[in-house]
Amino acid sequence: MGLTDAFPSRAKIGGKLYEINTDFRVCLRIMQAFEDARLLWFEKQAVMCGLLFPIVPDDFEAACKAAVRFLDCGKPPSEYTGNRVYSFTKDADYIYSAFLQTFGADLKDSETHMHWWKFCAMFSDLSPDTTFENIRVFRDKHNHGLLTKEERQVWSENVELLDLNYEPPDAETREAIEKFEKLLRG
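Residues numbered from 1 in each chain as written. Predicted model: local features only at pLDDT ≥ 70, side-chain atom pairs only at ≥ 80, totals over all residues. Heavy atoms only, no water.

## Digging into the side chain of Ser-127
This is how it is decided: We count a stretch as a helix when DSSP gives it H or I for four or more residues in a row; a strand needs E for two or more, and each element gets its number in order from the N terminus. Every residue pair with non-hydrogen atoms within 4.5 Å of one another is taken to be in contact.
Tracing the chain through its elements places Ser-127 in the loop between helix 5 (116–123) and helix 6 (131–143). Contacts of Ser-127, omitting those with residues within four sequence positions, involve Thr-102 and Glu-133.

## Structural notes on the pattern of salt bridges
Keep this limit in mind: Salt-bridge detection follows one rule: a side-chain nitrogen of Lys or Arg within 4 Å of a carboxyl oxygen of Asp or Glu. A 1.4 Å probe rolled over the protein chains alone gives each residue an accessible area, and that area as a share of the maximum for its type sets the label: buried under 20%, exposed over 50%, partly exposed in between.
If you walk through the whole model with that rule in mind, you get seven salt bridges. For Lys-141, the salt bridge identified is with Glu-151, shortest N-O distance 2.7 Å. Pair noted here: Lys-141 is in helix 6 and Glu-151 is in helix 7 (residues 149–157), with a separation of ten residues, a long-range link. Accessibility expressed as a relative area gives 26% for Lys-141, which makes it partly exposed. In this structure Glu-151 comes out as buried when scored by relative accessible area, which is 18%.

## A short note on the packing of helix 4 (residues 92–103) against helix 5
What counts here: Each axis is a line fitted through C-alpha atoms, taken for helices only over the stretch in contact, and angles between the N-to-C directions span 0 to 180 degrees. Throughout this description, any angle smaller than 35 degrees is read as roughly parallel, any larger than 145 degrees as roughly antiparallel, any in the 65 to 115 degree range as roughly perpendicular, and the remainder as oblique. Polarity classes work like this: nonpolar for Ala, Val, Leu, Ile, Met, Phe, Trp, Tyr, Cys and Pro, charged for Asp, Glu, Lys and Arg, and polar for all others, with Gly in that last group.
Direction vectors running N to C along helix 4 and helix 5 enclose 80°, while the axes themselves pass 11 Å from each other. The angle between helix 4 and helix 5 falls in the class roughly perpendicular. For the pair formed by helix 4 and helix 5, the contact residues are Ile-95, Phe-99 and Phe-103 on the first element and Phe-119, Met-122 and Phe-123 on the second. Residues belonging to the contact of helix 4 with helix 5 are distributed by class as follows: six nonpolar, no polar and no charged.

## Here's the deal with a negative patch on the surface
Going by this rule: Residues enter patches when they are more than 30% accessible in relative terms and free of salt bridges; like-charged ones are connected within 9 Å and nonpolar ones (Val, Leu, Ile, Met, Phe, Trp, Tyr) within 5 Å. A 1.4 Å probe and the Shrake-Rupley method give the accessible areas. Residues count as covered only by the protein chains that appear here. Two residue types count as positive, namely Lys and Arg, and two as negative, namely Asp and Glu; His and chain ends fall outside the count. To locate a charge, the coordinates of NZ of Lys, CZ of Arg, CG of Asp or CD of Glu are taken.
On the surface, a cluster of negative charge is contributed by Asp-170, Glu-172, Glu-175 and Glu-178. Residue placement: Glu-175 occurs in helix 9 (residues 171–185). Judged by its relative accessible area of 47%, Glu-175 falls in the partly exposed class.

## Regarding the environment of Asp-106
The condition is simple: Any pair of nitrogen or oxygen atoms within 3.5 Å is treated as a polar contact; in protein, a donor-acceptor pairing is required on top of that, and neighbouring residues in sequence qualify only through side-chain atoms on both sides.
Of note, Asp-106 is situated in the loop between helix 4 and helix 5. Using a relative accessible area of 32% as the deciding quantity, one classes Asp-106 as partly exposed. Remark: the alpha-carbon pair of Asp-106 and Tyr-96, spanning ten residues in sequence, is separated by 7.4 Å. Side chain to side chain, Asp-106 and Tyr-96 meet in a polar contact 2.9 Å long.

## Some details on the environment of Thr-89
Here Thr-89 shows up in the loop between helix 3 (60–71) and helix 4. Between the C-alpha atom of Thr-89 and that of Leu-28, which follows or precedes it by 61 residues, the distance is 8.7 Å. In this structure, Thr-89 is in contact with Gln-32 and Glu-35, ignoring residues within four places of it in sequence.

## Quick word on the nonpolar core
Let me state the cut-off plainly: Nonpolar cores were defined as sets of buried Ala, Val, Leu, Ile, Met, Phe, Trp, Tyr and Cys residues, with membership established by side-chain atoms within 4.5 Å.
Grouped together as the largest cluster of nonpolar side chains are 36 residues, with contacts concentrated most on Phe-53, Phe-99, Trp-116 and Phe-119. Counting residues per element, the ones that place at least two in this core are strand 1 (10–13), helix 1 (24–35), helix 2 (41–52), helix 3, helix 4 and helix 5. Here Phe-99 is in contact with Gly-104, Ala-105, Leu-107, Phe-119, Met-122, Phe-123 and Leu-126, once residues within four sequence places are set aside. Residues Ile-135, Phe-138, Leu-147 and Leu-162 belong to the second largest nonpolar core, which totals six residues.

On their own, these measurements won't tell you what the molecule is for.
And the structure:
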């Protein structure tokens, strides 16, 4: 896609053109569904097609492929198998403030319609001075085992924020941890 090309607003599926909901908010909802461990794979695909296409194509498999191609901004599928370094759900506040700080773009402004591909281009160029980018870099260093001793300490003290897989312990587990820590202290 060149600089003078318009962002796509339709997908050709089974020889027919289907309109696409191109607004970044729609696509973020899809991304959040894919991050939701409670949903089955088919449910995630159904959310994706249901949100992205005002009229869902009959060929569901082809619709899913077209949807993924659109969400990947027309780029070939990535073979990246590393750990994630951000979450549109967990990092929402930091992403919002990074857009505001970097571009002056208020993503919460209901008047703002931003095409998903524009959002992705801006997302990939957020200022390294933002809290979000610092968190992302910190997670990447952690994933590659590159944290210093001091950074490992920071990680352990902020695991709720930094670990994308962190689940707060339930009340019973918290109680057991408190008892164990009390025993350790004497």
